[in-house]
Amino acid sequence: MILEEIGRPYDPAPLDFKNNAQYEPGYVAINPKSKVPALLRDDGTLLTEYPVIAMWLAKTNPQAGLVPVDLEGETRCAEFLDYVCGTVHPQGFTRQSRPNRFALRAEDEPAVVAQGRELAVKYMNVIDSGWRGDTWVLPGGYSIADSALFFIEHWAARRFNIPLPPRLATHFAAMLARPAVKRTLELEGLPT
Ligand SMILES: N[C@@H](CCC(=O)N[C@@H](CS)C(=O)NCC(=O)O)C(=O)O
């Protein structure tokens, strides 16, 4: 989504999670973490971790204006990315998508899923009530914080059937209207 916003050519390399392709030797040789996203840069080096990839793309493409240039704006942007990627995603959503990572016994998995749902709702409400921006997450306008929030909203609304709190619902609709977001969803074979 960020690369689509920037408009730079790139080669997407989808991974088939249903068949655990992230653990295949070919991918592990590229990214030993067996995770996505991972960005193979033009110099052959790999970047992992969403906040880092997003910040690097934004800073190396300043013309796209995807990260605030003032210290306070950049700091708030980093704070938001960290909350989404360090708390909302792993604690709320990974509990729902991969409960076996949290439950010691198979019979405990439904409780883990329920807990993940509860946490996801709580975290999204924290974001909703602490909203600083207007349409976009940050007061300075559209940024990489918005693409991070979008993947959470997308899972909530379209995968786990969790209603979005009001500001997130408005944000999700605004994101869906962006041409770069539409192109990304099409590329992923998802409804736009
Ligand atoms: N901290 C990483 C987390 C990445 C992550 O957990 N990605 C998931 C997909 S949403 C993944 O690759 N899961 C595969 C697995 O855990 O086997 C980030 O923010 O980039």
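Residues numbered from 1 in each chain as written. Predicted model: local features only at pLDDT ≥ 70, side-chain atom pairs only at ≥ 80, totals over all residues. Heavy atoms only, no water.

Caption draft 1: Main features of the packing of helix 3 (residues 50-60) against helix 4 (residues 71-97). As a packed pair, helix 3 and helix 4 sit with axes 9 Å apart at the nearest point and diverge in direction by 150 degrees. As judged from the angle between their axes, helix 3 and helix 4 are roughly antiparallel. Note on packing geometry: the crossing formed by helix 3 with helix 4 is right-handed. Counted together, Tyr50, Pro51, Met55 and Lys59 of helix 3 and Glu74, Ala78, Leu81 and Cys85 of helix 4 form the full contact between these two elements. Within the contact of helix 3 with helix 4, the residues separate by chemical class into six nonpolar, no polar and two charged. (Axes fitted to C-alpha atoms, helices over the stretch in contact; angles between N-to-C directions. Helix = DSSP H or I, 4+ residues; strand = E, 2+ residues; numbered from the N terminus. Parallel < 35°, antiparallel > 145°, perpendicular 65-115°, else oblique. Left-handed = near helix turned anticlockwise from the far one by under 90°. Contact = heavy atoms within 4.5 Å. Nonpolar A, V, L, I, M, F, W, Y, C, P; charged D, E, K, R; others polar.)

Caption draft 2: Structural view of unusual backbone geometry. For the bond from Val36 to Pro37, the omega torsion is 0 degrees, close enough to zero to count as cis. Relative to the helices and strands, Pro37 is located in the loop between helix 2 (25-30) and strand 1 (38-40). Of note, the phi angle at Ser34 is positive, near 55 degrees, even though the residue is not glycine. Mapped onto the elements of the fold, Ser34 is located in the loop between helix 2 and strand 1. Judged by its relative accessible area of 8%, Ser34 is buried. (Buried < 20%, exposed > 50% of the residue type's maximum accessible area, 1.4 Å probe, protein only.)

Interpretation in functional terms is not warranted from these geometric data alone.
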